[in-house]
Amino acid sequence: MSTSTPAAQDQRDENAAYLPELTRECEQRGLALQTVGATPDGLAKIQVIVGRRTLVVPPTADLAETLDDFRLIGKCLACRNELDDTATPYHPGYNHIEGSPLMVCQPCRDQQAKIANDPNRLAFSKCMNAVEAVFQASENPAMTRKALREFVDMEASKAGAATAGGLTAEQSAFAADIPLGGWMTAPVESALRDIDDSYTAAENEHMPFLAAKAVITDYRSQAYGRRTEVWLDYGRTTGTLTPAKARDVLAAMAGFCAQFEAVIELAEHEAASDFEGDPEIAAADREAEDRSIRATTEARRAAA
Ligand SMILES: [Zn+2]
């Protein structure tokens, strides 16, 4: 870290500790070392002085960083492993002090790409750009800041509610249900629609495959008590469950998934041998069947 005045003495003390090592590094690379003088940006630089390549480290520069940069040559910037042929430059214009580009190994490059393409991260950086644009366009930054802060708090509490057990505010709050004489939450529904063969696809579209809600019945509770249940809809059928029974059902559903998958795998294997029938043979088969029915009918008639 390049330093300004208050930390300058600290920097000098710290630099003194790294000087012997840096001197060795310079010797190995055939560089002269100069720790006085200045560079245009106050950072360590290689300059040609009296015909000799010289590492100039102004007193304000950080020797530890300079040393680290030397040690990073030939290594990946991110993981510091030795570079192989698959390594690529980090970014145009980012070079080591001695001029060669900073490099990143392929595994780190892949990892960075994965992180950079993460939808969450992309959305976040898009949002950051938007925030920046809002401030640039704003004539009243204080008011903009206040509005953004309120918006962020609001969204955060919404997101918090949505992720608290995966329920929205409506799905976790009990609302009065007059006909029932009790209270119920909005249902959670499977994205999958019903798959009942006795209904059309359009009819099934209106019906979730699974839905559940919490229900409290407390009509004249002094007399009849208060009861909390989980109502589980599977297609057009409903099971009313005590919370304990609902837990059993949940465990059974989870257990069933593995068995269901095993059946699917078996069917997938068998489906490899499936084939379409021949329409001509099918027509001939139907005709033969009709003939045989006619023959039977006529024989019965003759016998009668
Ligand atoms: Zn790496």
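Since the structure is predicted, the reported quantities are computational estimates derived from the model, not experimental observations.

## Focus: the overall build of the protein chain
In terms of helices and strands, the protein chain carries ten helices and eleven strands. Against the 2.2 N^0.38 benchmark of 19 Å for 304 residues, the protein chain shows a C-alpha radius of gyration of 38 Å, more extended than a compact globule. The dimensions of the protein chain, computed from C-alpha atoms along their principal axes, are 130 × 70 × 45 Å. Within the protein chain, counting contacts between residues at least 6 apart in sequence, those at least 24 apart form 34% of the total.

## Focus: the environment of Arg52
With respect to the secondary-structure elements, Arg52 resides in strand β3 (residues 52–56). You can call Arg52 exposed: it has 10 C-beta atoms within 10 Å. In this structure, the C-alpha to C-alpha distance between Arg52 and Leu31, residues 21 residues apart in sequence, is 7.6 Å.

## Quick word on the sheet that holds strand β2 (residues 45–49)
What the three strands build is an open sheet, ordered β1-β3-β2; its pairing is mixed. Looking at strand neighbours, the two that pair on one side only are β1 (32–34) and β2, the edges of this open sheet. The mean angle between the axes of side-by-side strands here comes to 40°, regardless of whether they run parallel or antiparallel. Where β1 meets β3, three bridges bridge the pair, whose relative direction is parallel. Note on β3: the bridge partner recorded for Leu33 is Leu55.

## Quick word on the nonpolar core
Leu22, Cys26, Ala44, Leu55, Val56, Val57, Ala61, Leu63, Leu67 and Phe70 together form the largest nonpolar core, which totals ten residues. At the level of secondary structure, the elements contributing two or more residues to this core comprise α1 (8–28), β3 and α2 (63–72). Top contributing element to this core by residue count: α2, with three residues. Apart from the residues within four sequence positions on either side, Leu67 is in contact with Tyr18, Glu21, Leu22 and Glu25.

## Some thoughts on helix α9 (residues 243–271)
Counted at 1.5 Å a residue, the expected span for α9 with its 29 residues is 42 Å, and the 40 Å between its end C-alpha atoms agrees. In the structure, α9 departs most strongly from a straight axis at Cys257, where the bend amounts to approximately 25°. Counting buried positions along α9 yields zero of 29 residues, so the element is predominantly exposed.

## Looking at the pairing of strand β10 (residues 227–234)
Strand direction decides the pairing type here: strand β9 (residues 210–217) and β10, joined by eight bridges, are antiparallel. Residue pairing in the sheet places Leu210 in a bridge with Tyr234 of β10. Examined bridge by bridge, β10 and strand β11 (residues 237–241) share five bridges and lie antiparallel to one another. Bridging from a neighbouring strand, Leu232 pairs with Gly239 of β11. The hairpin formed by β10 and β11 contains two residues between the paired strands, and Gly235 there has a positive phi angle of roughly 65°.

## A look at the environment of Leu83
The residue Leu83 is located in the loop between α2 and β4 (88–89) in this model. Residue classification places Leu83 among the partly exposed positions, given that 16 C-beta atoms sit within 10 Å. Not counting chain neighbours up to four residues away, the residues in contact with Leu83 comprise Gly74, Lys75, Cys76, Met103 and Cys105.

## Re the domain arrangement of the protein chain
Interface size, as often reported, equals the accessible area lost upon joining of the parts. Assigned domains within the protein chain: domain 1 (5–106), domain 2 (120–163) and domain 3 (170–241). Averaged C-alpha coordinates put domain 1 and domain 2 at centres separated by 40 Å.

## Digging into unusual backbone geometry
The phi torsion of most residues other than glycine is negative, and most of the peptide bonds are trans. Even without being glycine, Val50 reaches a positive phi, approximately 50°. If you trace the backbone, Val50 turns up in the loop between β2 and β3. At Arg220, a position not held by glycine, the phi torsion is positive, near 45°. Turning to its location among the elements, Arg220 is positioned in the loop between β9 and α8 (221–224).

Here is what the cut-offs are and how they apply
Residues numbered from 1 in each chain as written. Predicted model: local features only at pLDDT ≥ 70, side-chain atom pairs only at ≥ 80, totals over all residues. Helix = DSSP H or I, 4+ residues; strand = E, 2+ residues; numbered from the N terminus. Rg over C-alpha atoms; globule rule 2.2 N^0.38 Å. Contact = placed C-beta atoms within 7 Å. Buried ≥ 20, exposed ≤ 12 C-beta atoms within 10 Å, placed from the backbone. Pairing = 2+ DSSP bridges. Axes fitted to C-alpha atoms, helices over the stretch in contact; angles between N-to-C directions. Core = buried A, V, L, I, M, F, W, Y, C linked by C-beta atoms within 7 Å. Expected span 1.5 Å × (residues − 1). Bend = angle between axes of the 7 residues up to and from the residue. Domains from an automatic or database assignment.

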